[in-house]
Every structure is written in C-alpha cells, then in structure tokens.
Amino acid sequence: MNLRRLAAVAVLAIGGTMLAATPANAANIATNPGFENDLAGWSCTAGAGATVVSSPVHGGSKALQATPQGSDTGRCQQTVSVKPSSSYTLSGWVRGGYVFLGVSGTGTTDQNTWTSSPSAYSQLTRTFTTGASTKTVTIYVNSWYGQGAYQADDIVLDGPPGEGTPTDITPPTVPTGLTVGGPTSSSLNLAWSASTDDSGRIDRYEVSRDNGNPVSAGTALSHTATGLSPDTTYGFRVRACDGSGNCSAYSSSVSGKTSGGTVPPPGEIRYAPYIDITMATPSLVGAANATGVKNYTLAFALGDSSGCNPAWGGTIPVDEPRIINDVRALQAQGGQVIVATGGAQGPYLEHTCGTSAALLTAYKKVLDTVGTNHLDVDVEASIDVNKVNTALKQLQAERGTVISYTLRIQGQDYGLDPFSVSILQDAAAKGLDVIVNPMLMDFGYSGNWGSALISAAEATLKQMKGVWPAKTDAQLRKRLGLTPMIGKNDTGSTTTQADARSLLNWANSNHVAYIGFWSAGRDNGGCPNGQVSPTCSGISQSPWEFTTIFKGFTG
C-alpha cells in the first residue's frame, strides 16, 4: 500500500464525521442505494470485481462487494441530479480495509471520509453544499490498493432532488463477435467484442445461456460458463448494459459443446512454485515467459460468502476472467497448474462443506474450471479428517487425481506435527494415494537453517515409514514433496540462496517426488531489508533467482 498517498487522502478527510446513529433522512435521491437491484445505477471500475452479495449486509438482503486490484481502488460510483446552492448529507455503511466514501463535482469543496479496517459495518457521513451552477454530483465508494474485499450498503444522499436533468434512455450497442470454445466436460469459454455507449462506458455485460436468466460478466470481454453437463450443446447470447440500467438487445445466439466427460490426464508435475492467484502480478504467463517454468500451484481455493462454493481467496469467483484467461494461456504454452485449497487463513472448503459429497462437488468444480487434475490440500488448521479423506478418495477413484497434502513441521528432528501424521494414517487406512509435502518453514530449529530444512525432510520420511511400513525407502522418497519459504520466513529464519541449493542437492540425490516454494510473487529483491512481505523475499537477490535455482530439480 502506498502509505504516503493514503496519508494525503486522509488529510482531505479531516473534519469529516463518523457517526454511529442513522440521521433522519428527508429524502434519499441516490439510485439503488442498498444494492437490492444488483448494480443497477452504479458504475464500477473494471478491476473492482464488483458484485452483489447476500452476506455480510447492513440492511435489506444485499450489499456491494468489490476488491481493489493492482493500481485500481475498486471504485463504484453514480451521478445524481441535484439543485444548485443546496445542502446535502452523504452517508453510507461500509466494512473492510480503508474504505472511502465521497462526492465530487460539487462546485464548491469536494468531500470524502474514510475508516480503517472495521470488522463490522461502520457508518461514514459527510455534508456539502452545491455551487451556484451545479446540477449533478458524483457519489462514490472505494477502498485502497491491496486491501482486499470491502462491502458497502445503504448509501444515502439526503437533500432536494434536481430538476430538469435529462434521463439517459439510450442503450449501448449490441456486442459483436461472440465465440464459444475451450470445452471441458463442465465448462465453455465465451469471448466477444466491446460495445459502446453514449455515456462513454459500459457498466456490465450479461450472458444468457439457452435463453435463460442472464448472469453478469462484469466489464470483461470474456466469461467462463461452468457447471455444465458433459457432451452437451449449449447456446449463448450476450448483451451490454450502461450505468443507468439501459441494456442493449442480445447478440445472436452462438452454440458450443462440452467435451465427453473425461478429465485431463494427471501427467507429472515435479516442480510447481506456489503463486498467490488473488494478486494480479505476477501473472502465470509472465512468470513462465521470464523463467521457462511452466507449472504453478494456485493458492488458495477457499469457501466464498455462501459457504461450500470455491472462490480464490474466498472472494474471487473461480471462473474470474483474468485468472482463467491466464491459466488457459499457460496451458496453451504446454504448462499446467495445481489447485491448492486451505492455507494459513480460511474459510476452508474443508470446513464450509458439511459433507464429503458436498466437498467432493466443490473439488470437482474448481478442478474442472481451471482444467487440471492436480489438487493440493494445505492443512494449517484442524479439519474433519474422515470427511476430507473420504472426499479425496472418491475424487481419486473417479478421476485418478494426483493429490498432495501440504502439512506443518513441528521441529527439525521431529518432523510433521501429530495432527498431520493422523491425517496420513487415515489416508493410508482408506487407500488414498497422496504425496506428503512438508512445509519447510516457520518451525523450531537450532544450528544452520539450511541443514534444518534437510533434517525436517528426513524426519518426515521416518514418519512416513511408520504410516506405510510395507513401502521401501525409495518408494517413500517418491511420495515426498518439499516446500520451503524463500527469503525471510514469518518466524525469523531466512532461507538463503545457499540454503536453497543445499536443499536442491539433497532432493536430487534422494530422488523425491516434487519441489515447490512459497512463492513466485516473493521471488525478487524488492525489499532487501529483512522484512516479511507477500511481494518480495526480504533479502538481496536477483529477479526469479530462487525459481531458477529450483529449476535444477531433476528428480
């Protein structure tokens, strides 16, 4: 986050009032203030990923949710007709990190105010007076770069309505060039050419399948239709809508057919750095082009606000165009991805899905959406072991899915913590075939950290011998993965380039199954001062240096 720019915006907000009580509103002249009619009347930036959610809400049954991406603050706004030389009060309820509420085009002094990271809805309020010739103002809500999803609800602009401002009744042009392709057994990819509108911007595109109710594709020029049946033909139409709620006619219908119900063959992935796919950079294709490494582990598929439904980071739909287009482009270059669930933060699918059958369905959905047959379950919290392993066993029986468990290390000489061992014991009892992937990071050690990484891996092998006593040492090594955290670790240890080379040499000489690391987005020397960051390693290094080192894994 650019703290200097944030501070500058905060100065503008001095003098604003954050109230706890709802004012008595003479009138609310904002359109669709509670987002009960989805995003009608609101225009959101392309990178906002704006959507309407049913939880958490402040009032009614819906609320706005948007997520800043990169240099985009996730702004949603609308232009409102007002009277000149009149007083107004703008208020709204917000939730999330650094959420701003403001008004521009007042003809006097534009106003905004903000609050930092409330876990529950908090009300923001500003007052302003319009200029002598002001007939419209723009009200807006947004967050700040890199702050994650925010919610807004019950936006109120209290004051006299404007008069005589013409209403926008002109719809956008009809989208052209609709194509349907990229079939899997349960999805099809759509793409089309942009429409134009007299307002200068398109609010959203809507896709109708087989003449059914439309679904919003946002402002992207592509959409992935998921949840389809194998070997089935579907027809699609698309239309464009502006911020005033005017929608074009639908395009001509174009058909596409899903594949015949087979899943991609598992293949073999021996090296796949983790990448936080919720972040716009680095992209999969960008990393592949820079390094030649074409396999990556996508972190993390979690449960969304509705519960047992996979979403990247719990907030971004699994078929979000930026991500899916990036995956497709990587696969077109001969690359592949592993889907990782779980991680350091929830909500886990393994928690929100109440039954093994529901969890199995969620696993299938995300694997089918990205077109892979590789799944990694990262366990850093307690899970219902029987439920999860039952779902994984069924998944593997149906599809031959390659499954890995990424598990916590308790100590360099101890190996995995007891709960992690119990997960493997239950997997073995069920006949579930898994790769054991110890997290070589954030554990207690003494002496040299590079040596401690190898000791932890060797201790894990000994524990695996107890779980699968009939397997040979060579067979167990072929079930072992290795995932260190490059650079500065959360608990103070530091994985240097020399440590990485030592671990690589051990991995090659022992012919283990797999190497990954956390994470591709940290593989640069952008913060060589020892800090822990999701976007740099915290040590002095060249770009992609750890990716290049581990690229030497031969198995």
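Rules used in this analysis
- Residues numbered from 1 in each chain as written.
- Predicted model: local features only at pLDDT ≥ 70, side-chain atom pairs only at ≥ 80, totals over all residues.
- Heavy atoms only, no water.
- Helix = DSSP H or I, 4+ residues; strand = E, 2+ residues; numbered from the N terminus.
- Contact = heavy atoms within 4.5 Å.
- Pairing = 2+ DSSP bridges.
- Axes fitted to C-alpha atoms, helices over the stretch in contact; angles between N-to-C directions.
- Phe/Tyr/Trp six-rings, centres within 6.5 Å; stacked < 30°, edge-to-face > 60°.
- Buried < 20%, exposed > 50% of the residue type's maximum accessible area, 1.4 Å probe, protein only.
- Lys NZ or Arg CZ within 6 Å of the ring centre and 35° of its normal.

So, the side chain of T369
Consideration 1: Considering the arrangement of structural elements, one finds T369 in helix α5 (residues 356-370).
Consideration 2: Not counting residues up to four positions away in its chain, the partners in contact with T369 are T226, V318, D319, I324 and R328.

Details of the sheet that holds strand β12 (residues 188-193)
Consideration 1: The strand order across the open sheet built from 3 strands is β11-β12-β15, with neighbouring strands paired in antiparallel fashion. Looking at the sheet topology across the chains shown, the edges are occupied by β11 (176-181) and β15 (222-225). Between one strand and the next, the sheet's axes are offset by a mean angle of 15 degrees, whatever the strand orientation.
Consideration 2: As paired strands, β11 and β12 are joined by 4 bridges and run antiparallel to one another. Bridge pairing in β12 places T179 opposite A191.

Description of the sheet that holds strand β8 (residues 122-129)
Consideration 1: In spatial order, the strands read β2-β3-β10-β5-β8; together these 5 strands make up an open sheet with antiparallel pairing. Where the open sheet ends on each side, the last strands, each with one partner, are β2 (51-53) and β8. Direction aside, neighbouring strands of the sheet carry axes that sit 35 degrees apart on average.
Consideration 2: Bridge count between strand β3 (residues 63-66) and strand β10 (residues 150-158): 3 bridges; the pairing is antiparallel. The residue bridging Q65 from the neighbouring strand is Q151, located in β10.

Remarks on the packing of aromatic side chains
Consideration 1: Tallied over the entire structure, the rule returns 11 aromatic pairs.
Consideration 2: Ring centres of Y88 and F128 lie 5.6 Å apart, and the angle between their planes is 15 degrees; on these two criteria the pair is classed as stacked. Within this pair, whereas Y88 is found in strand β5 (residues 87-95), its partner F128 is found in strand β8, the two being separated by 40 residues in sequence. As far as the burial class goes, Y88 and F128 line up, both buried.
Consideration 3: An aromatic cluster is present here, built from Y98, F100, W114 and W144 joined pairwise through their rings.
Consideration 4: When the ring centre of Y140 is taken as origin, the NZ or CZ atom of R75, which lies over that ring, is 3.7 Å away.
Consideration 5: Residue placement shows R237 over the ring face of Y250; its charged tip is 3.8 Å from the ring centre.

These figures capture arrangement, not role.
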